[in-house]
Amino acid sequence: SLHDALPISRFLGRTRIAVSHFEDALAQNQRMGYLPAMARTQAALGDLLAQGEHRSEHRRASALLSEAAGTSGALHMYRLGGEIERSRTKLHQPSG
(Lines give C-alpha, C1' and ligand atoms only; values in the text may rest on other atoms or scores of the structure.)
Protein backbone atom coordinates (compact mmCIF):
# COMPACT_ATOMS: atom_id res chain seq x y z
CA SER A 1 0.00 0.00 0.00
CA LEU A 2 0.95 3.62 -0.33
CA HIS A 3 1.38 4.00 3.43
CA ASP A 4 3.79 1.05 3.50
CA ALA A 5 5.89 2.69 0.79
CA LEU A 6 6.52 5.84 2.83
CA PRO A 7 9.52 4.54 4.81
CA ILE A 8 11.04 3.16 1.61
CA SER A 9 10.61 6.50 -0.17
CA ARG A 10 12.28 8.32 2.73
CA PHE A 11 15.12 5.83 2.76
CA LEU A 12 15.68 6.30 -0.95
CA GLY A 13 15.60 10.09 -0.63
CA ARG A 14 12.49 10.39 -2.76
CA THR A 15 10.43 12.54 -0.45
CA ARG A 16 9.05 14.74 -3.23
CA ILE A 17 7.77 11.69 -5.07
CA ALA A 18 6.17 10.37 -1.89
CA VAL A 19 4.49 13.75 -1.24
CA SER A 20 3.11 13.74 -4.78
CA HIS A 21 1.67 10.23 -4.36
CA PHE A 22 0.09 11.14 -1.03
CA GLU A 23 -1.42 14.31 -2.53
CA ASP A 24 -2.94 12.24 -5.36
CA ALA A 25 -4.31 9.70 -2.89
CA LEU A 26 -5.74 12.45 -0.69
CA ALA A 27 -7.51 14.06 -3.65
CA GLN A 28 -8.98 10.71 -4.64
CA ASN A 29 -10.12 9.95 -1.08
CA GLN A 30 -11.77 13.38 -0.88
CA ARG A 31 -13.56 12.88 -4.21
CA MET A 32 -14.87 9.51 -3.06
CA GLY A 33 -15.79 10.84 0.38
CA TYR A 34 -13.95 7.95 2.02
CA LEU A 35 -13.23 9.56 5.38
CA PRO A 36 -11.16 6.79 7.03
CA ALA A 37 -8.69 6.69 4.14
CA MET A 38 -8.69 10.47 3.96
CA ALA A 39 -7.74 10.73 7.65
CA ARG A 40 -4.99 8.12 7.29
CA THR A 41 -3.59 9.84 4.20
CA GLN A 42 -3.69 13.28 5.84
CA ALA A 43 -1.88 11.83 8.84
CA ALA A 44 0.78 10.14 6.72
CA LEU A 45 1.37 13.21 4.57
CA GLY A 46 1.42 15.40 7.67
CA ASP A 47 3.98 13.11 9.27
CA LEU A 48 6.17 13.24 6.19
CA LEU A 49 5.98 17.03 5.97
CA ALA A 50 6.61 17.39 9.72
CA GLN A 51 10.05 15.95 9.11
CA GLY A 52 10.82 18.53 6.44
CA GLU A 53 13.27 21.38 6.80
CA HIS A 54 11.06 24.26 5.67
CA ARG A 55 8.57 26.27 7.69
CA SER A 56 6.02 25.98 4.89
CA GLU A 57 6.18 22.18 5.19
CA HIS A 58 5.62 22.43 8.93
CA ARG A 59 2.63 24.76 8.48
CA ARG A 60 1.05 22.38 6.00
CA ALA A 61 1.85 19.40 8.24
CA SER A 62 0.16 21.11 11.16
CA ALA A 63 -2.99 21.79 9.12
CA LEU A 64 -3.13 18.24 7.77
CA LEU A 65 -2.56 16.70 11.19
CA SER A 66 -5.28 18.89 12.71
CA GLU A 67 -7.76 17.85 10.02
CA ALA A 68 -6.79 14.20 10.43
CA ALA A 69 -7.16 14.45 14.20
CA GLY A 70 -10.67 15.85 13.88
CA THR A 71 -11.76 13.20 11.41
CA SER A 72 -10.12 10.33 13.27
CA GLY A 73 -11.73 11.46 16.53
CA ALA A 74 -15.17 11.70 14.94
CA LEU A 75 -14.73 8.20 13.49
CA HIS A 76 -13.34 6.76 16.76
CA MET A 77 -10.04 5.90 15.06
CA TYR A 78 -8.13 6.10 18.34
CA ARG A 79 -4.98 4.32 17.18
CA LEU A 80 -4.63 6.83 14.36
CA GLY A 81 -5.20 9.62 16.87
CA GLY A 82 -2.17 8.42 18.83
CA GLU A 83 -0.08 8.32 15.68
CA ILE A 84 -1.15 11.86 14.86
CA GLU A 85 -0.09 13.08 18.29
CA ARG A 86 3.34 11.48 17.82
CA SER A 87 3.64 13.24 14.46
CA ARG A 88 2.69 16.56 16.04
CA THR A 89 5.58 16.26 18.48
CA LYS A 90 7.96 16.26 15.50
CA LEU A 91 6.78 19.76 14.71
CA HIS A 92 7.99 20.98 18.09
CA GLN A 93 11.41 19.32 18.06
CA PRO A 94 14.42 21.41 17.07
CA SER A 95 15.74 20.41 13.66
CA GLY A 96 19.27 19.30 13.13
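Residues numbered from 1 in each chain as written. Predicted model: local features only at pLDDT ≥ 70, side-chain atom pairs only at ≥ 80, totals over all residues. Heavy atoms only, no water.

*Asks:* Explain the overall build of the protein chain to me, please; I cannot follow it from the model alone.
*Replies:* Looking only at helices and strands, the protein chain features 5 helices and 0 strands. Order of helices (α) and strands (β) in the protein chain, N terminus to C terminus: α-α-α-α-α. Here the protein chain, with 96 residues, has 34% of them falling under the buried criterion. For the protein chain, contacts bridging at least 24 residues in sequence account for 47% of all contacts bridging at least 6. As displayed, the protein chain offers around 6200 Å² of accessible surface, 53% of which is attributable to carbon and sulfur atoms. (Helix = DSSP H or I, 4+ residues; strand = E, 2+ residues; numbered from the N terminus. Buried < 20%, exposed > 50% of the residue type's maximum accessible area, 1.4 Å probe, protein only. Contact = heavy atoms within 4.5 Å. Areas by Shrake-Rupley, 256 points an atom, 1.4 Å probe, with all protein chains shown as cover.)

*Asks:* What is the right way to read the packing of helix α3 (residues 35–50) against helix α4 (residues 55–74) from this model?
*Replies:* When two helices pack together, their arrangement is given by the angle between their axes and by how far apart the axes lie. Following both chains from N to C, one finds α3 and α4 inclined at 150 degrees, their axes separated by 8 Å at the closest point. One way to sum up the angle between α3 and α4 is to call them roughly antiparallel. Here α3 and α4 pass one another in a crossing that is left-handed. Seen from α3, the contacting residues are L35, A39, Q42, A43, L45, G46, D47, L49 and A50; seen from α4, they are E57, H58, R60, A61, L64, L65, E67, A68, T71 and S72. Looking at the contact of α3 with α4 residue by residue, the class counts come to 10 nonpolar, 5 polar and 4 charged. (Axes fitted to C-alpha atoms, helices over the stretch in contact; angles between N-to-C directions. Parallel < 35°, antiparallel > 145°, perpendicular 65-115°, else oblique. Left-handed = near helix turned anticlockwise from the far one by under 90°. Nonpolar A, V, L, I, M, F, W, Y, C, P; charged D, E, K, R; others polar.)

*Asks:* Please clarify how helix α5 (residues 78–91) should be interpreted in this entry.
*Replies:* Residue pairs three or four apart in sequence face the same way in an α-helix, which turns once every 3.6 residues. With 14 residues, α5 should reach 20 Å at 1.5 Å per residue; the first-to-last C-alpha distance of 21 Å fits that figure. Three or more residues of α5 are buried, namely L80, I84, S87 and L91. Each buried residue of α5 lies within a common arc of 65 degrees when the element is viewed along its axis, so the set occupies one face. Exposed and oriented more than 90 degrees from the buried face of α5 are Y78, R79 and R86. Where α5 is buried, its residues touch α3 and α4. (Expected span 1.5 Å × (residues − 1). Arc of directions from axis to C-beta.)

*Asks:* Mind showing me how you'd approach the nonpolar core here?
*Replies:* Soluble, globular proteins show a tendency: their nonpolar side chains are buried together. In terms of nonpolar packing, the biggest core is built from 20 residues, with L45, L49, L80 and I84 touching the most fellow members. Of all the elements in the fold, those that place two or more residues in this core are α2 (15–32), α3, α4 and α5. Setting aside its immediate chain neighbours within four residues, L45 contacts V19, F22, E23, R60 and L64. (Core = buried A, V, L, I, M, F, W, Y, C linked by side-chain atoms within 4.5 Å.)

*Asks:* So what exactly am I meant to see when it comes to the side chain of Q42 here?
*Replies:* Here Q42 shows up in helix α3. Overall, Q42 belongs to the buried group, its relative accessible area being 2%.

Taken by themselves, the reported measurements are silent on function.
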